[in-house]
Amino acid sequence: MKAQLNSNTFYIDEVENNNQFLKDVLDGLHQNPKHLQSKYFYDKKGDKLFQDIMAMPEYYLTRCEMDIFQNKTKQLASVIMDDESPFELVELGAGDASKSLHLLQYLKSANAQFTYMPIDISGNILSVLDKRIHDNIPDLDITLLEGDYFDMLKRSSKLSARRKAVLFLGSNIGNMELDEAENFCTQLRKNLNKGDIVLVGFDLKKDPKIILNAYNDPKGITASFNLNLLERMNKELKADFDVKQFEHYQNYDPLSGACRSYLVSLEEQKVTIENESFYFKKNEVIYMEVSQKFSIEDMEKLAVSSGFKTINTITDSKEWFADTFWIAD
């Protein structure tokens, strides 16, 4: 379906999202340990909670990457514009574009010839993004793409044959296990042409206390964000989770760089979804999400193994976060 929104073309993926949501939930709860996919955190309430997380003083990631996009914008833009040819700026998991807005404004002021193509699974957050862009850069060429990354990346290729500059910010790469991240980057390379570039945001390894505090905030916003997925399943899949009988738990392993979140069942209980029953023992966990942290060596290894070559790495002023440019080799 195609609809007009603030004079921009809005493409909506027609895949039956609810059916896929249900399938993924049932598959995950049949695993041992039980597991839910973090991409489903983002309904309307989840979007708002994540914006609250990004505003927390403990959640340094957004401020660090914002530091790069606000203060090193010229460096970012110079790599993207180096080819001097028109391009598509495709952002995977664009969210509300609060960081990329600075880059977009710079590129526009430099008369770069490009179309901005933000991709997100959440139609709600794309609407927020569209208003932000319309208010700040009303004459920007923009195509909003709602759906999974690779489905929408393929659609962007059908819409335009121009070279691509792909943004994958916010350390979203860290929300995958290391083997999944390598598979993702390999698949990303297959969807690009030689010479296309990718800008990937990586959260760097640092003081373990700083990392753990970012995901275990005292106000419990991160806990609410995780628990909201159970509420979403109750609303959309007619599950019967008693959300009060689950508690958020977070840990961080400084050796592996893995920061993992879980929901812990506070009592023995049964949950029903679509006529299927799932039994929880007291203290049994649902594995929710990993937030992987990287060294510079980890980043380089991932680039090479998935068919890219590193061409530039830009860090924030504290050197806690890195945005690194890869070129499709």
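For the structure, see preceding data.
Residues numbered from 1 in each chain as written. Predicted model: local features only at pLDDT ≥ 70, side-chain atom pairs only at ≥ 80, totals over all residues. Heavy atoms only, no water.

A. The arrangement of unusual backbone geometry in detail. With an omega of 5°, the peptide bond between N32 and P33 qualifies as cis. With respect to the element layout, P33 can be found in the loop between α1 (17–29) and β3 (34–35). Backbone geometry places E84, a non-glycine residue, at a positive phi of 70°. Taking the relative accessible area as the measure of exposure, E84 reaches 74% and is therefore exposed. At E319, a residue that is not glycine, the phi angle is positive and equals roughly 60°. (Helix = DSSP H or I, 4+ residues; strand = E, 2+ residues; numbered from the N terminus. Buried < 20%, exposed > 50% of the residue type's maximum accessible area, 1.4 Å probe, protein only.)

B. Geometry of the pairing of strand β6 (residues 143–146). Of the two faces of β6, the one carrying T143 and L145 and the one carrying L144 and E146 are both buried. Considered for its hand, the β-α-β crossover made up of strand β5 (residues 114–120), helix α6 (residues 123–136) and β6 is right-handed. (Right-handed = clockwise from strand over helix to strand, strands pointing away.)

C. Inspection of helix α3 (residues 60–71) at higher detail. Here α3 spans 16 Å end to end across 12 residues, near enough to the 16 Å set by a 1.5 Å rise per residue. Extensive coverage of α3 is indicated by the burial of 9 of its 12 residues. Residues of α3 that are buried: Y60, L61, T62, C64, E65, M66, D67, I68 and F69. (Expected span 1.5 Å × (residues − 1).)

D. Just the pattern of salt bridges, in detail. Overall, the coordinates contain 17 salt bridges when judged by the stated rule. A salt bridge links D83 to R163; the nearest nitrogen and oxygen atoms lie 3.3 Å apart. On the criterion of sequence distance, the pair formed by D83 in the loop between α4 (73–81) and β4 (87–92) and R163 in strand β7 (residues 163–168) is long-range, its members being 80 residues apart. In this structure, a network of salt bridges that share partners links the residues D203, K206 and K293. (Salt bridge = Lys/Arg side-chain N within 4 Å of Asp/Glu carboxyl O.)

E. Inspection of the pairing of strand β8 (residues 197–203) at higher detail. Among the 7 residues that make up β8, 7 are buried, leaving the element largely enclosed by the rest of the structure. The alternating pattern of β8 places I197, L199, G201 and D203 on one face and V198, V200 and F202 on the opposite face, and all of these are buried. When β7 meets β8, the two strands line up parallel, connected through 4 bridges. Bridge pairing links F168 to V200 in β8. Following the backbone out of β7, through helix α8 (residues 178–190) and into the adjacent parallel β8, one traces a crossover that is right-handed. As paired elements, β8 and strand β15 (residues 321–328) share 7 bridges and run antiparallel to each other. Following the sheet pairing, V200 is matched in β15 by T324. (Pairing = 2+ DSSP bridges.)

F. Highlighting the environment of M117. Looking at the element boundaries, M117 is found in strand β5. Separated by 26 residues in sequence, M117 and E91 place their C-alpha atoms 6.3 Å apart. For M117, the residues in contact, after removing those within four places along its chain, are E88, L89, V90, E91, T143, L145, S156 and L159. (Contact = heavy atoms within 4.5 Å.)

G. Geometry of the state of the cysteines. With the rule as written, the count across this model stands at 0 disulfides. Of all cysteine sulfurs in the structure, the one in C259 sits closest to C64, which takes part in no disulfide; the separation is 15 Å. What makes C64 buried here is its relative accessible area of 6%. (Disulfide = S-S within 2.5 Å.)

H. Spotlight on the packing of aromatic side chains. Applying the stated criterion across every chain yields a total of 22 aromatic pairs. Both rings, one in F50 and one in Y59, keep their centres 6.3 Å apart while their planes meet at 80°; by these two values the pair is edge-to-face. For Y59, a relative accessible area of 8% gives the class buried. Ring centres of Y249 and Y262 lie 6.3 Å apart, and the angle between their planes is 35°; this geometry places the pair in the tilted category. Of this pair, Y249 sits in strand β9 (residues 246–253) while Y262 sits in strand β10 (residues 258–265), and the two are 13 residues apart along the sequence. The ring of F280 carries the charged tip of K34 above its face, separated from the ring centre by 4.7 Å. Lying across the ring of F21, R232 places its NZ or CZ 4.5 Å from the centre. (Phe/Tyr/Trp six-rings, centres within 6.5 Å; stacked < 30°, edge-to-face > 60°. Lys NZ or Arg CZ within 6 Å of the ring centre and 35° of its normal.)

I. Just the sheet that holds β3, in detail. Reading across from one edge, β3-β13-β10-β9 is the order of the 4 strands in this open sheet, with mixed pairing throughout. In the strand order of this sheet, the two ends are held by β3 and β9, each with one partner. Strand direction decides the pairing type here: β10 and strand β13 (residues 285–292), joined by 7 bridges, are antiparallel. Note that in β13 the partner of A258 across the bridge is Q292. In the packing of helix α9 (residues 208–215) onto the sheet, contacts are made with β9, β10 and β13, and the angle to β9 comes to roughly 160°. Of the strands in this sheet, β9, β10 and β13 touch helix α10 (residues 221–236), which is tilted by about 125° from β9. (Axes fitted to C-alpha atoms, helices over the stretch in contact; angles between N-to-C directions.)

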